[in-house]
Amino acid sequence: MASKLHSDEWRWPDFKLQEFACRHCGETYFHSDFFDRLQWARSIIGRPFVILSGHRCALHNAHVGGAPLSQHLTLAVDISADGHDRLSLLKACQRAGFTGFGYYQTFLHIDLGRSRQWWSDQTARDLWLTS
Ligand SMILES: [Zn+2]
C-alpha cells in the first residue's frame, strides 16, 4: 500500500518512511503497527537503528535471493548490529512484539509474521544466541 502522508501525520520521530523503501525502486509500504513497534524498540535502546533492508518489491526480493514469501514483500527490517549490544537489541525487539527473528552475522532481521526464528550459519547463531 503506497502512502502519501503529510509530515505532521508521521508519528515515528526516529524514522523516515524512505528508510524502509525498496532499495531498487523506492517503492514504500506503510504499516503503522510495524512502525509503532519499531519505534518502541528504538526508544528502549536509545541509539540509532540503521535499516539495511526494509520493504522489497517482488523483483528486488528475487534479485537478492529472498524467500518467495519473504516478509520483506510487505514489511520486515534488517537492523545493523554495528554498535549495538546484540542481546539488548534482541530483547528490545522481542519486548516490542516482533515475532519473526533471523540472526545474521552483521544484522538482525525482524518481522511480524508467524512466530519463528532462524540463523544464517553457526557463527551467527553463536553471536546472537549465546551472548
Ligand atoms: Zn523495487
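Residues numbered from 1 in each chain as written. Predicted model: local features only at pLDDT ≥ 70, side-chain atom pairs only at ≥ 80, totals over all residues. Heavy atoms only, no water.

**Remarks on the overall build of the protein chain**
Okay, so step 1: Helix and strand counts for the protein chain stand at four helices and five strands.
Okay, so step 2: Element order for the protein chain, N to C, with α for helix and β for strand: α-β-α-β-α-β-β-β-α.
Okay, so step 3: Computed over the C-alpha atoms, the radius of gyration of the protein chain is 14 Å, within 12% of the 14 Å expected from 2.2 N^0.38 for a compact globule of 131 residues.
Okay, so step 4: The C-alpha extent of the protein chain, read off along each of the three principal axes, is 45 × 35 × 25 Å.
Okay, so step 5: For the protein chain, with 131 residues in total, the buried portion stands at 42%.
Okay, so step 6: In the protein chain, once contacts between residues fewer than 6 apart in sequence are set aside, the share between residues at least 24 apart is 54%. (Helix = DSSP H or I, 4+ residues; strand = E, 2+ residues; numbered from the N terminus. Rg over C-alpha atoms; globule rule 2.2 N^0.38 Å. Buried < 20%, exposed > 50% of the residue type's maximum accessible area, 1.4 Å probe, protein only. Contact = heavy atoms within 4.5 Å.)

**Looking at the packing of helix α1 (residues 32-45) against helix α3 (residues 86-95)**
Okay, so step 1: The interhelical angle for the contact between α1 and α3, taken along N-to-C directions, is 140°, at an axis separation of 8 Å. Relative to α3, the element α1 is oriented oblique. Our pair here, α1 against α3, has a crossing hand that is right-handed. Where α1 approaches α3, its residues W40, A41, I44 and I45 are matched on the opposing element by S88, L89, A92, C93 and R95.
Okay, so step 2: Split into classes, the residues belonging to the contact of α1 with α3 amount to seven nonpolar, one polar and one charged. (Axes fitted to C-alpha atoms, helices over the stretch in contact; angles between N-to-C directions. Parallel < 35°, antiparallel > 145°, perpendicular 65-115°, else oblique. Left-handed = near helix turned anticlockwise from the far one by under 90°. Nonpolar A, V, L, I, M, F, W, Y, C, P; charged D, E, K, R; others polar.)

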